[in-house]
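# Structural description and commentary
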Amino acid sequence: MAKLFGAQKLVLQAVQDSPKDASGYVADGQIAQRTSIALKDVRDWIETLEGEGHVEVARTETGLCASITAKGRLQLGLYEPIPTTHGTFAGAGSSEPPRTESPPAATAEPPTAPTAQPPSPPVPPQPTWPSSGPEAVTPTTGDVDGFQVVLLIHGIRTQAHWGPMVASKLEVPGQIEVIPIRYGYFDAFRFWFPFWTRGKPIEQVYKQVRVAVQKYRRERPEAKLSIVAHSFGTYVVGEILKREFDLKIHRLILCGSVLPQDFSWEQYQGRFDDDKVVNECGKADIWPVLAQSASWGYGASGTHGFFNEVLVKNRFHGGGHGQYFEPEFVEKYWEPFIKKGGYERTEFEKKMPTTPWRVSVLGILPLKWLLAGSLAGMIAFAGYVGVNSASQVSPGDARDSSLVRQNTEPRSGERSLPPEPVLPEDIDIASASFMDYEGDARAPRLDLKLTNMGSRPAFITQVRVNVKKTWRLRDLPQIPGVVVPPGHNYVIELRPSDQPYQVVEKVSEGLHKDDFGRFSLQFVEDPWPASNTIYLADVELVANSDETVYTIKDILFLITMFGTSFPDQRSLGELIRVANYLGQEFDVRTIEEALRLNKRMLLEVAEIRAVKNLALLELIESAKDSSIGES
């Protein structure tokens, strides 16, 4: 049964709990009053619930009336704790119903069963899961606490180069999807100016958030939305919260925040899970203080924290505005929080010093009024100079300037220069990350996430893979498993070669304006069962019939059927025993020579700065740790 999304649960609960008329219906006005949702939006939510069979709707002259159905009541029941029963029950996966003890029938014969024992102490309640059936709820894995879509929103004067690093730390295939949300380069003047300039990035981010949520909830209705926002991205999140009542956020991380310290979190507490808003603060971060002092609408919450610590956890660090984008920081603080809600204080907070004096002074300076006055003075001065210059032009000067204008126009028969060509689209490659297929084989899949930031639809027609170098690893005495590669969008067949070459694959991927999309490339080697090669390549996306080419440079990946663990002394002995048992002709000298060559290639590859797939990284790390193969 698909889970409820947005404000559906709130509205459905109101339909069930509100007083009903004689026919068992609740008016939309009652629901709006009970939920504090606008009447127009309540009617839209009622219609979505009707379409899914959760309510029956009666349309009257004054509006809509709703009555909850059996399916709706069952759906609400999924959100209630599952009751725990004592006694014996069938194990998980068992088709037997729970057994119940029945009193023995009265007979003349004495009972042969053992006498009843005193009742055992009560067992603490344990969570139980339905054993089977279409309505069964599946417990989450130990790694994460549910499927999440995590959006990364950057700040000003950047293209968010930290996004792929953070995505690589947080992403869990099939459980956590990370999408960098971008709105282009946003300069300091537009950040400072309090009118008109801030609306466009807010609108761009809002559209991408909506598209991402709708896309993933079509595929995974239980998907939860989490956000990591930095600097101006925190302001964007605050503005979206103000305008979108149904946007529910599972976990929210703010860092370098420029939201006001008195931001009204209490108005949005229904939008977050409990204790799931973390505000990372840098005591040496002057930029939130400068934003508060120099412009309107901003605050120093990224330096001093929010006033409301009931709903937000302020966590303080000693660094500045960019301290958060180190791999160690993400692993220690963000990865546990996003995956399972883990939270810990910093060592810095135990002996936190006072705020540096320069930061305190900057916070009280009225820079916004000084800057506004200076700008007004410059505009007034420029207007004064322009008026005076125009009044001092002589009639002869006017005639000369008229001749200049005439001479600049093209003469009869001449052709003017064509206008500058305009690129058809601006496709933003939000991320390109590997998702390996794990099993007896490793088949790297390059997962591409794209956003069309242009002015009209874009159509990707080709993918070109430019293989620049290959390293063919020597085979070891191990039986490769013949495994069918997993599902994918497009298959790219490669082969080892001493020379660079190109593989072209026709694709068909469309992106509407402001739309988000994704597709994947499955890399395989021919012949597949014998694959054991490292590839260095560039990937080009060709859009709108060769009008524009977007390039992802330097990706390194391993295609192998021979495992991703470099042998140590113990496993080497196992390999030799397996080879002898299977009748393979391998001697120790041959294997050691193969390992020596493989290790040399792996250490060479390790020095190349490129995006690497997980299988290759595992093989490189195990080769570094192994003493086998050293000269």
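Owing to the predicted nature of the structure, the values given are computational and were not obtained by experimental measurement.

## Some points on the overall build of the protein chain
For the protein chain, the count of helices and strands is 17 helices and 18 strands. Considering the protein chain as a whole, with its 631 residues, one finds that 44% of them fall into the buried category. Counted over contacts in the protein chain with a minimum sequence separation of 6, partners at least 24 positions apart contribute 75%. Carbon and sulfur atoms make up 55% of the accessible area of the protein chain, which totals about 34,500 Å².

## Focus on the pattern of salt bridges
In the structure shown here, the tally under the stated rule is 19 salt bridges. Glu347 is the salt-bridge partner of Lys350, the closest N and O atoms lying 3.1 Å from each other. An identical accessibility class is assigned to Lys350 and Glu347; each is exposed. Among the ionic pairs, Lys469 bridges to Glu604, the shortest N-O distance being 2.9 Å. Of the two residues, Lys469 is situated in strand S12 (residues 458-472) and Glu604 in helix H16 (residues 588-606); the sequence distance between them amounts to 135 residues. Note on Lys469: relative accessible area 38%, which makes it partly exposed. One salt-bridge network, held together by shared partners, links Lys468, Asp538, Lys553 and Asp554.

## Comments concerning the sheet that holds strand S5 (residues 176-181)
Strand order across the open sheet formed by 6 strands is S5-S4-S6-S7-S8-S9, with parallel pairing between neighbours. Across the chains shown, the open sheet's two edge strands, defined by having one partner strand only, are S5 and strand S9 (313-317). The sheet shows a mean angle of 15° between the axes of neighbouring strands, taken without regard to direction. The strands that helix H5 (residues 163-170) touches are strand S4 (148-153) and S5; relative to S4, the one it contacts most, it runs at about 160°. Packing against the sheet, helix H7 (residues 199-219) makes contact with S4, S5 and strand S6 (224-230), and its axis sits at approximately 160° to S5.

## What to know about the packing of aromatic side chains
Evaluation of the coordinates by the stated rule reveals 16 aromatic pairs. Centroid distance Tyr235 to Tyr298: 5.1 Å. Interplanar angle 70°. Geometry classified as edge-to-face. Separated by 63 residues along the polypeptide, Tyr235 in helix H8 (residues 232-243) and Tyr298 in the loop between helix H9 (287-294) and helix H10 (301-304) bring together distant segments of the chain. Ring geometry for Phe263 against Tyr268: centres 5.6 Å apart, planes inclined by 25°, an arrangement best described as stacked. Taken together through their ring pairs, the aromatic side chains of Trp162, Tyr324, Phe325, Phe329, Tyr333 and Trp334 make up a single cluster. Here Arg251 stacks its cationic end above the ring of Phe337, 6.0 Å away from the centre of that ring. One Lys or Arg, Lys313, reaches over the ring of Tyr343 and ends 4.4 Å from the middle of that ring.

## Let's talk about H16
The end-to-end C-alpha distance of H16 is 26 Å, a good match for the 27 Å that 19 residues give at a rise of 1.5 Å each. All buried positions along H16 are accounted for by Ile591, Ala594, Leu595, Asn598, Lys599, Met601, Leu602 and Val605.

## Some remarks on the environment of Thr533
Inspection of the secondary structure assignment puts Thr533 in strand S16 (residues 532-543). Residues Thr533 and Phe557 lie 24 residues apart in sequence; the distance between their C-alpha atoms is 8.4 Å. Not counting residues up to four positions away in its chain, the partners in contact with Thr533 are Thr470, Trp471, Arg472, Pro496, Glu525, Phe557, Leu558 and Ile559. Within polar-contact distance, the side chain of Thr533 engages the side chain of Glu525 at 2.8 Å.

## Topic: the environment of Leu617
Tracing the backbone through its elements, the reader meets Leu617 in helix H17 (residues 614-625). When its relative accessible area of 38% is taken as the criterion, Leu617 is described as partly exposed.

## Details of the nonpolar core
Counting 43 residues, the largest nonpolar core has Leu151, Ile227, Phe232, Leu252 and Trp265 as its most contacted members. Of all the secondary-structure elements, those providing two or more residues to this core are S4, S5, H7, S6, H8 and strand S7 (251-255). It is H7 that provides the largest number of residues to this core, a total of 7 residues. Sequence-distant contacts of Phe232, that is, excluding residues within four places in its chain, are made with His154, Gly155, Ile156, Tyr183, Phe186, Phe191, Arg198, Pro201, Val258 and Tyr298. In terms of nonpolar packing, the next biggest core, distinct from the first, is built from 28 residues, Phe434, Val465, Val503 and Tyr535 among them.

## Re the pairing of strand S8 (residues 277-282)
In terms of burial, S8 is largely enclosed, as 6 of its 6 residues are buried. Side-chain alternation along S8 places Val277, Asn279 and Cys281 on one buried face and Val278, Glu280 and Gly282 on a second face that is also buried. Of the strand pairs in this sheet, S7 and S8 are connected by 4 bridges, and their pairing is parallel. Directly across from Leu254, in S8, lies its bridge partner Asn279. Examined bridge by bridge, S8 and S9 share 5 bridges and lie parallel to one another. Considered in S9, the bridge of Gly282 is made with His317.

## Describing the packing of H16 against H17
As a packed pair, H16 and H17 sit with axes 10 Å apart at the nearest point and diverge in direction by 115°. As H16 packs across H17, the resulting crossing turns out to be left-handed. Facing Lys599, Leu602, Leu603, Val605 and Ala606 of H16, the residues of H17 in contact are Leu616, Leu619, Ile620, Ala623 and Lys624.

## Digging into the environment of Leu619
Along the chain, Leu619 turns up in helix H17. Distance from Leu619 to Leu602, taken between C-alpha atoms, is 7.9 Å for residues 17 residues apart in sequence.

## Digging into the pairing of strand S17 (residues 548-560)
In the sheet, S16 pairs with S17 via 11 bridges, with the strands oriented antiparallel. Of the residues in S17, the one forming a bridge with Ala537 is Ile555. In this structure, S17 lies alongside strand S18 (residues 611-612), joined through 2 bridges in parallel fashion. Pairing of Leu556 across the sheet is with Lys612, part of S18.

Rules of the game
- Residues numbered from 1 in each chain as written.
- Predicted model: local features only at pLDDT ≥ 70, side-chain atom pairs only at ≥ 80, totals over all residues.
- Heavy atoms only, no water.
- Helix = DSSP H or I, 4+ residues; strand = E, 2+ residues; numbered from the N terminus.
- Buried < 20%, exposed > 50% of the residue type's maximum accessible area, 1.4 Å probe, protein only.
- Contact = heavy atoms within 4.5 Å.
- Areas by Shrake-Rupley, 256 points an atom, 1.4 Å probe, with all protein chains shown as cover.
- Salt bridge = Lys/Arg side-chain N within 4 Å of Asp/Glu carboxyl O.
- Pairing = 2+ DSSP bridges.
- Axes fitted to C-alpha atoms, helices over the stretch in contact; angles between N-to-C directions.
- Phe/Tyr/Trp six-rings, centres within 6.5 Å; stacked < 30°, edge-to-face > 60°.
- Lys NZ or Arg CZ within 6 Å of the ring centre and 35° of its normal.
- Expected span 1.5 Å × (residues − 1).
- Polar contact = N/O pair within 3.5 Å; in protein donor to acceptor, adjacent residues only side chain to side chain.
- Core = buried A, V, L, I, M, F, W, Y, C linked by side-chain atoms within 4.5 Å.
- Left-handed = near helix turned anticlockwise from the far one by under 90°.

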